[in-house]
Amino acid sequence: MSALTLTMKHRLDQRVDMSPLVCHKLAGLTPEQIGAIELQCGKQKIRVDSLFKIQGDDTQNLIIANSFAKLDYIGKELQGGQITIEGDVGAYLGMQMQSGVIHAKDDAGLYAGCEMKEGLLQIDGNAGDFLGAALPGNKQGMKGGRILVKGNVGERAGDHMRRGAILIEGDVGAYCGSRMVAGTIAVMGQCGRYPGYAMRRGTLLFWQAVQAPATFNDCGSHTLAFLPILFSSFGDLNSHFAEPSEVFNRVQRYGGDLAETGRGEILVKLA
Amino acid sequence: MIINGVTIDQTFAEAFPMKATRAIITAQNEKWAMISAQAMTGFATSVIACGCEAGIERVLSPSETPDGRPGVSILIFAMGGKGLAKQLETRAGQCVLTSPTSALFAGIDEGKQIPLGKNLRYFGDGFQISKKINGKRYWRVPVMDGEFLAEATTAQVGAVGGGNFLVLAESQPQALAACEAAIEEMRKIPNVIMPFPGGVVRSGSKVGSKYPALGASTNDAFCPTLKGVTQTDLSPEIESVMEIVIDGLTKEDIDQAMRVGIQAVCDMGAEQGIKRISAGNYGGKLGPFHFHLQEIMA
């Protein structure tokens, strides 16, 4: 069996809801049946085969080729299987995914991995605001799994995050880990203003120096035994996070946000 | 059966089912991991009065431990799951949590989960931090030397306790030397511990006593000073008997430990005063696992 490949024929003006095209919903369907699925596009519904050229038949290994930034909800509620996207993707990539792997080879839009529950979401390019966050009005963002971004990330990454890990090789915008309930966000690049704003618990781990907000207090430099274990859990990733040279256990610890319950922490790598 | 002049009795050791778990203690260096492990496995020679039987299984190199530091693996055995959980938690709290630079991890993953650091976290008084990494939950408890890191749970498995053999010698020093040689070899076997002091017990017991309050009492048939006044199992030249007790995760583990231990004793031979190998056999009253000496050494 070869991967089920959906190659986009032409680009539309309206955004497309790609949520019906997830591995578990496609299981057992023939290419003809998949072609007949209707996608919401603005006010209209369009058939998959009118938008994509369909090749291959392995529904558990889905490739979306020639993608662009108006394809939303790719991998929504994914339950197993793998989705690979060649080209940019729109908003809500991997929203509420429950298991499996999503690999976006270029940039992703807003709310990637929002309210994700389990699995691996890898973005090779940049990601927009609210990565791994909660949807507006909801109280819990990402609840498990791992998000790896090789590029830069926008603002409010991990907003209301509850559990799991967000790994960012590049820079991250302002309010990283805002209102975080628990979990881990690790950033190798620069961090914007107000990291950990109103965070309750959880860990923000930075490779570069950060300006800790006024509501975080310096707890000193420490050797923390859990860090090597955390790094070893990244060993299976195709990432700088998996490199032994990146492992460290000496950090400067800032506790906060003391305007909230103050049980969170910002850890900054010490040379 | 005679090996190197040592008679192997046609008898068997009786053992009984237990519950067991393994824990891994790490520290800044092997010295402090060992100190913590020795404290945690102290006063754990027999379930008769200690609540559990525990011992050090082996030293672990940094590459074998979860946090990449030197470590020691220990095994704890108890008669039931509740007793095991209570002993594990109490000992971890008093002996590992308190030990400088220590961390505590599960040594067995598969099986019924019992608390390891799950309840010790409350020592953190609300400042404790949970981290779930690769499906395992860890607790970071702030303590005065930094952080105590403990895995939340470890697994309880079925096990076998009370495997044993007796070394009968012409003198006390010869019996002890033979037992020391046996213990040195047996400690190389995984999944077993010899819980008595130095692995050797000189006060082997029989089931029951003339005193109703006691469930066990001295094994008078193997006491050399009673040869003339009780129904003895000793020949006139035997002056000292020592016992090695083995707890293992499986019957096969105990088989292997007994084999290498008895062989080490027999290697010393009759020339060095070792006359017989026997075993604690209580006529089937003690337990369902029978270790026949001659079958093991065949």
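All of these numbers come straight from a predicted model, not from anything done at the bench. Residue numbers here run from 1 along each chain, matching the order of that chain's written sequence. Lettering of chains starts at A and numbering of ligands starts at 1, both following the order in which they are written. Predicted model: local features are reported for residues with pLDDT of at least 70 only, side-chain atom pairs are reported and counted for 80 or more only, and whole-chain, interface and lining totals are derived from all residues. Hydrogens are left out, water is left out, and the side-chain values use all remaining heavy atoms of the structure.

This part covers unusual backbone geometry. Residues and elements named next belong to chain A. Note the cis peptide between glycine 256 and aspartate 257, where omega equals 0°. Positive phi outside glycine occurs at asparagine 66, with the angle close to 60°. Only DSSP runs of H or I with at least four residues qualify as helices, and only runs of E with at least two residues qualify as strands; both kinds are numbered from the N terminus onward. Looking at the secondary structure, you find asparagine 66 in strand β6 (residues 58-67). Phi is positive for glutamate 77, which is not a glycine, with a value near 55°.

Our next topic: the state of the cysteines. All names here are of chain B. In what follows, a disulfide is any cysteine sulfur pair within 2.5 Å. A complete count under the given rule lists 0 disulfides over all chains for this structure. Cysteine 179 supplies the cysteine sulfur nearest to cysteine 223, a cysteine that is in no disulfide, at a spacing of 15 Å. Given the relative accessible area of 17%, cysteine 223 is considered buried. Three labels apply to residues, based on accessible area from a 1.4 Å probe with only protein chains included: buried if under 20% of the type maximum, exposed if over 50%, partly exposed otherwise in between.

In a packed pair of helices, the relevant descriptors are the angle between the two axes and the axis-to-axis distance. All names here are of chain B. Only C-alpha atoms enter the line fits that serve as axes; for helices the fit covers just the stretch in contact. Angles between N-to-C directions range over 0 to 180 degrees. Following both chains from N to C, one finds helix α1 (residues 30-40) and helix α2 (residues 81-96) inclined at 140°, their axes separated by 9 Å at the closest point. Judged on the interaxial angle alone, α2 and α1 are oblique. Viewed along their axes, α1 and α2 form a crossing whose handedness is right-handed. Residues Ser36, Ala39 and Met40 of α1 form the contact with α2, whose participating residues are Leu88, Arg91, Ala92, Cys95 and Val96. For the contact of α1 with α2, the residue count by class is 6 nonpolar, 1 polar and 1 charged. Geometric relationships in this document are graded by angle, where less than 35 degrees denotes roughly parallel, more than 145 denotes roughly antiparallel, 65 to 115 denotes roughly perpendicular, and other angles denote oblique. Crossings are assigned a handedness: left-handed for a near helix turned anticlockwise from the far helix by less than a right angle, right-handed for a clockwise turn. Throughout, a contact is declared for two residues whenever any of their heavy atoms are within 4.5 Å. When residues are sorted by character, Ala, Val, Leu, Ile, Met, Phe, Trp, Tyr, Cys and Pro go into the nonpolar class, Asp, Glu, Lys and Arg into the charged class, and all the rest, Gly among them, into the polar class.

Below, the discussion takes up the interface of chain B and chain A. Between chain B and chain A, the contact holds 15 residues from the first and 15 residues from the second. Buried area, as used here, totals the accessible surface that two parts lose on assembly, with accessibility defined by a 1.4 Å probe and the loss added over both. Summing the contributions of chain B and of chain A, the shared interface buries around 1300 Å²; its carbon and sulfur component is 61%. Area buried by chain B at its contact with chain A is led by Lys131, Ile133 and Arg140 of chain B, which between them contribute 38% of it. For this analysis, a salt bridge means a side-chain nitrogen from Lys or Arg found within 4 Å of a carboxyl oxygen belonging to Asp or Glu. In this structure, the connection of chain B to chain A is made through 1 salt bridge. With a shortest N-O distance of 2.6 Å, arginine 140 of chain B and glutamate 265 of chain A are connected by a salt bridge. Here a polar contact is recorded for every N or O atom pair within 3.5 Å, except that within protein the pair must consist of a potential hydrogen donor and a potential acceptor, and residues adjacent in sequence are included only if both atoms are side-chain atoms. Where chain B packs against chain A, one counts 5 residue pairs in polar contact (both at pLDDT 80 or more). Residue contributions to the side of chain B that touches chain A peak at 4 residues, all from strand β8 (residues 129-133) of chain B. Here the residues of the side of chain B that touches chain A are counted per class, giving 7 nonpolar, 2 polar and 6 charged.

For the rest of this paragraph, the subject is a negative patch on the surface. Surface patches are drawn from residues lacking salt bridges whose relative accessible area is over 30%; two like charges belong together within 9 Å, two nonpolar side chains (Val, Leu, Ile, Met, Phe, Trp, Tyr) within 5 Å. Shrake-Rupley sampling with a 1.4 Å probe provides the accessible areas, and residues are treated as covered by the protein chains on show and by no other component. When charges are counted, Lys and Arg are positive and Asp and Glu negative, with His and the chain ends excluded. Just so you know, the charge point we use is NZ for Lys, CZ for Arg, CG for Asp and CD for Glu. Residues Glu86, Asp88, Asp106 and Asp107 of chain A make up a contiguous surface patch of negative charge. Position of glutamate 86 of chain A among the secondary structure elements: in strand β8 (residues 79-87).

Residue and element names in this part refer to chain B. Boundary definitions for the domains trace back to an automatic or database domain assignment. Assigned domains of chain B: these are domain 1 (2-14 + 159-297) and domain 2 (19-157). With centres defined by C-alpha atoms, the gap from domain 1 to domain 2 works out at 31 Å. Contacts between domain 1 and domain 2 engage 14 residues on the former and 15 residues on the latter. Taking both sides of the interface into account, the surface hidden between domain 1 and domain 2 amounts to around 1100 Å²; carbon and sulfur atoms contribute 66%. Contact with domain 2 buries surface across domain 1, with Ala159, Ile193 and Leu249 losing the most and accounting together for 43% of the total. At the boundary of domain 1 and domain 2, one finds 0 salt bridges. Taken together, the connections running from domain 1 to domain 2 amount to 2 residue pairs in polar contact (both at pLDDT 80 or more). Listing elements by their share of the side of domain 1 that touches domain 2, those giving two or more residues are β11 (153-169), β12 (192-193) and β15 (240-248).

Residues Leu39, Phe52, Ile83, Leu93, Ile123, Leu131 and Phe206 of chain A are the most contacted members of the largest nonpolar core, which totals 61 residues. Residue contributions to this core peak at 3 residues, all from strand β1 (residues 3-8) of chain A. Apart from residues no more than four positions distant in its own chain, phenylalanine 206 of chain A is found in contact with Val172, Cys176, Val187, Cys191, Pro195, Ile266, Leu267, Val268 and Lys269 of chain A. Joining through side-chain atoms within 4.5 Å is the link that ties buried Ala, Val, Leu, Ile, Met, Phe, Trp, Tyr and Cys residues into a set, and such a set is a nonpolar core. Grouped together as the second largest cluster of nonpolar side chains are 37 residues, Ile189, Val192, Met268 and Leu293 of chain B included.

Moving on to the environment of glutamine 208 of chain A. Residues and elements named next belong to chain A. When you line up the elements, glutamine 208 lands in the loop between β14 (203-206) and β15 (217-223). Of the residues examined, glutamine 208 reaches a relative accessible area of 32% and is grouped as partly exposed. Distance from glutamine 208 to lysine 9, taken between C-alpha atoms, is 43 Å for residues 199 residues apart in sequence. Setting aside residues up to four positions removed in sequence, glutamine 208 forms contacts with Met188, Gly189, Gln190 and Val268. One polar contact links the side chain of glutamine 208 to the main-chain carbonyl oxygen of methionine 188, over a distance of 3.0 Å.

Residue and element names in this part refer to chain A. Tracing the chain through its elements places alanine 65 in strand β6. Put simply, alanine 65 and methionine 188 are 123 residues apart on the chain and 30 Å apart in space, counted from C-alpha to C-alpha. Discounting residues that sit within four places of it in the chain, alanine 65 has contacts with Leu6, Thr7, Met8 and Glu86.

Moving on to the packing of helix α3 (residues 172-186) of chain B against helix α4 (residues 251-268) of chain B. All names here are of chain B. Direction vectors running N to C along α3 and α4 enclose 140°, while the axes themselves pass 8 Å from each other. Considering the angle they form, α3 stands oblique to α4. Pair α3 / α4 crosses with right-handed handedness. Note on element contacts: α4 touches α3 through Ala257, Val260, Gly261, Ala264, Val265 and Met268, opposite Ala177, Ala178, Ala181, Ala182, Glu185 and Met186.

Stacked, tilted and edge-to-face are the three classes applied to pairs of Phe, Tyr and Trp rings, where Trp contributes its six-membered ring and a pair requires centres within 6.5 Å; stacked means planes under 30 degrees apart, edge-to-face means over 60, and tilted covers the rest. The full count for this structure, using the stated rule, is 12 aromatic pairs over all chains. Ring geometry for tyrosine 73 of chain A and tyrosine 92 of chain A: centres 4.7 Å apart, planes at 5°, overall stacked. Taken together, the positions of tyrosine 73 of chain A in the loop between β7 (71-72) and β8 and tyrosine 92 of chain A in the loop between β8 and β9 (99-104) put the pair 19 residues apart, joining distant regions of the chain. Of the residues examined, tyrosine 73 of chain A reaches a relative accessible area of 23% and is grouped as partly exposed. Members of the aromatic cluster, each reached through a chain of ring pairs, are Trp207, Phe231, Phe234, Phe241 and Phe248 of chain A. Cation over ring: arginine 156 of chain A sits above tyrosine 175 of chain A, and NZ or CZ is 4.7 Å from the ring centre. By the criterion adopted, a ring carries a charge over it if an Arg CZ or a Lys NZ lies within 6 Å of its centre and within 35 degrees of its normal. Over the face of the ring belonging to phenylalanine 127 of chain B we find arginine 263 of chain A, whose NZ or CZ atom lies 4.3 Å from the ring centre.

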